[in-house]
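Here is how the chains run, residue by residue.
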Amino acid sequence: MAGVSPGTIDRVIHNRGDVSEITRRKVQEILSKSDYHPDILARALTSKKTYLFSVIMPVSDNGNDFWQVPLAGIDKAFAEIKRFNIKIKTYLFDQFNRDSFAAKAFDLLSDHPDGILFAPVFLPESMKFIHECKLRNIPVTLFNSNLEEANADSFIGQDAMQSGYLAGRLMEYGLKGASDVLIINLAARKDNYNHIIKRETGFRNYFNEHSSAEIRLHTIDTNHSSDKKLINELDTSFQNLLVKGIFVTNSRVFKVVQYLQNNGISDIHLIGYDLLPPNVDALKNNVIKFLISQRSAEQAYKGIISLFNMVIVKSRVNQVQFMPIEIITKENIDYYDYNYKLK
């Protein structure tokens, strides 16, 4: 159409090489009229460049497979994009050890990744890590917990505040008359987990706005490294309070289930998170009344795909991508895929 060689067209498209101004204008006019756009995916397929996406997240600890589940989503995403010369490397740190995170973060940056999927835990260290990634122009996608002040490239997960607010409404449904409700944060340090703080805040906000003085809220913060403190706190609560409801702000709700069953306690309106096998069993047995699903495997999957779109496709992604807040009961649990393949 332009009457010039393919090489000349290539130089105009990529703005390189010597091309006369008359020819450049002629080619650009034809490109505009024909609505030409380069096929970026085809270009990536033929490219010899290899891309590295790095994942940094906690390792599963004994008794809780929560951090195993996102790996299934990462594997699914990798299967879809590996043909574009993409490799994925995972760095797992101890969520109770700051030094472990610092060491893994240093190893990750030493590998010079093209994009990072990150599940933040330690707040100051996570902020510093994201800042360092920005200095190196490495896009970062967060999942599971958002750090708004870090201004990462994208976040995929639940609106933690609204999730806690919803849990408050679900709790109120199961209470009658004067009640004490326990909010249990099963984490080494609550201030390390931004989403846990927001869930508790949302839960309290609901009762501040809707409930009467008959419902009294009590917070229990306990170090997961030992079950002894949890047991002691629950013993004290059941001895001194009229406990009718318990809200566990993460997936470790099965720890409370164990306590209730060991002590023959029933008729507690128990709410927690995530479709882990022990949680599902307790839901089906009516010990847990509601589980809130986070779809952690899908979070990780979408996180990798967001990196792919930013790095390979060169397209913009939404900075905040909220996942649905799903209410799971024993009546609908069998319609959810909770049997994730665990490594």
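Please read these numbers as outputs of a predicted model, since none were measured by experiment. (Residues numbered from 1 in each chain as written. Predicted model: local features only at pLDDT ≥ 70, side-chain atom pairs only at ≥ 80, totals over all residues. Heavy atoms only, no water.)

With that out of the way, let us pick up the overall build of the chain. Helices and strands together make up the secondary structure of the chain, namely 12 helices and 12 strands. Expressed as lengths along the three principal axes of its C-alpha atoms, the size of the chain is roughly 90 × 40 × 35 Å. Residues classed as buried in the chain amount to 48% of the 343 residues present. Accessible surface, the chain as shown: approximately 16900 Å² in total, 49% of it carbon and sulfur. Averaging the locations of the 41 positively and 39 negatively charged side chains of the chain gives two centres separated by 6 Å. (Helix = DSSP H or I, 4+ residues; strand = E, 2+ residues; numbered from the N terminus. Buried < 20%, exposed > 50% of the residue type's maximum accessible area, 1.4 Å probe, protein only. Areas by Shrake-Rupley, 256 points an atom, 1.4 Å probe, with all protein chains shown as cover. Lys, Arg positive; Asp, Glu negative; His and termini not counted. Charge placed at Lys NZ, Arg CZ, Asp CG, Glu CD.)

Next up on the list: unusual backbone geometry. Peptide bonds are mostly trans, and most non-glycine residues show a negative phi. With a phi angle near 55 degrees, Arg-295 is a residue other than glycine that sits in the positive phi range. When you line up the elements, Arg-295 lands in the loop between strand 10 (290-293) and helix 12 (296-311).

By the element assignment, Ser-237 lies in helix 9 (residues 228-240). Classification of Ser-237 by relative accessible area gives buried; the value is 8%. There is a polar contact of 2.9 Å between the side chain of Ser-237 and the backbone oxygen of Glu-233. Each residue touching Ser-237, except ones within four places of it in the same chain, is listed here: Leu-182, Ile-220 and Val-243. (Polar contact = N/O pair within 3.5 Å; in protein donor to acceptor, adjacent residues only side chain to side chain. Contact = heavy atoms within 4.5 Å.)

This model, assessed by the stated rule, comprises 16 aromatic pairs. Look at Phe-238 and Tyr-259: their rings are 6.0 Å apart centre to centre, the planes differ by 25 degrees, and that puts the pair in the stacked class. Here Phe-238 is found in helix 9, whereas its partner Tyr-259 is found in helix 10 (residues 253-262), with 21 residues between them in sequence. Exposure remark for Phe-238: the relative accessible area of 22% places this residue in the partly exposed category. Residue Tyr-259 is classed as buried on the basis of its relative accessible area, which comes to 7%. One aromatic cluster is present, built from ring pairs that chain together Tyr-165, Phe-203, Tyr-206, Phe-207, Phe-247 and Tyr-273. Taking NZ or CZ as reference, Lys-49 lies 4.9 Å from the ring centre of Tyr-51, over its face. (Phe/Tyr/Trp six-rings, centres within 6.5 Å; stacked < 30°, edge-to-face > 60°. Lys NZ or Arg CZ within 6 Å of the ring centre and 35° of its normal.)

Once that is clear, we can look at the layout of surface pockets. When its volume is computed, the largest pocket comes out at roughly 250 Å³. Here the lining of the largest pocket is built from residues that sort into six nonpolar, three polar and three charged. (1 Å grid on protein atoms, 1.4 Å probe; cavity = no way out; pocket = protein on both sides within 12 Å on 5 of 7 lines; lining within 4 Å. Points joined across faces, edges and corners; volume = space filled by probe spheres on them. Nonpolar A, V, L, I, M, F, W, Y, C, P; charged D, E, K, R; others polar.)

Tallied over the entire structure, the rule returns 14 salt bridges. Residue Glu-298 pairs with Arg-295 through a salt bridge whose shortest N-O separation is 3.1 Å. You can call Glu-298 partly exposed: its relative accessible area is 27%. One network of salt bridges, in which partners are shared, links Arg-295, Glu-298, Lys-302 and Glu-326. (Salt bridge = Lys/Arg side-chain N within 4 Å of Asp/Glu carboxyl O.)

Moving on to the confidence of the model for the chain. With 92% of its residues at a pLDDT of 70 or more, the chain has an overall mean of 90. Mean pLDDT across the secondary structure elements of the chain bottoms out at helix 3 (residues 40-46), with 62, and peaks at strand 3 (residues 115-118), with 98. (pLDDT = per-residue confidence, 0-100.)

Okay, the sheet that holds strand 4 (residues 140-143) next. The six strands lie next to each other as 2-1-3-4-5-11, forming an open sheet whose pairing is parallel. On the outer flanks of this sheet lie strand 2 (86-93) and strand 11 (320-322), each paired with one strand and no other. Here the strands of the sheet are splayed against their neighbours by 15 degrees on average, with no regard to which way each runs. Bridge analysis of strand 5 (residues 154-157) against strand 11 gives three bridges, and the strand direction is parallel. Among the inter-strand pairings, Gly-157 is bridged to a residue of strand 11, identified as Phe-322. Of the strands in this sheet, strand 1 (51-58), strand 2, strand 3 and strand 4 touch helix 4 (residues 69-81), which is tilted by about 165 degrees from strand 2. Against the sheet, helix 6 (residues 123-135) makes contact with strand 1, strand 3 and strand 4, and its axis sits at roughly 165 degrees relative to strand 3, the strand it touches most. (Pairing = 2+ DSSP bridges. Axes fitted to C-alpha atoms, helices over the stretch in contact; angles between N-to-C directions.)

In this section: the nonpolar core. Within the largest apolar cluster, 28 residues are counted, with the highest numbers of intra-cluster contacts made by Phe-53, Met-57, Ile-74, Ile-81, Ile-86, Leu-117 and Ile-304. Those elements giving two or more residues to this core turn out to be strand 1, helix 4 and helix 12. Those residues in contact with Ile-74 that sit more than four places away from it in its chain are Val-55, Met-57, Ile-88, Leu-117, Ala-300, Tyr-301 and Ile-304. (Core = buried A, V, L, I, M, F, W, Y, C linked by side-chain atoms within 4.5 Å.)

On to the packing of helix 9 against helix 10. Packing of helix 9 against helix 10 leaves a shortest axis separation of 11 Å and a crossing angle of 55 degrees. The orientation of helix 9 with respect to helix 10, classified from their angle, is oblique. Judged by the sense of rotation from one axis to the other, the crossing of helix 9 with helix 10 is right-handed. Within the contact between the two elements, helix 9 uses Leu-230, Ile-231, Leu-234, Asp-235 and Phe-238 and helix 10 uses Lys-255, Tyr-259 and Leu-260. (Parallel < 35°, antiparallel > 145°, perpendicular 65-115°, else oblique. Left-handed = near helix turned anticlockwise from the far one by under 90°.)

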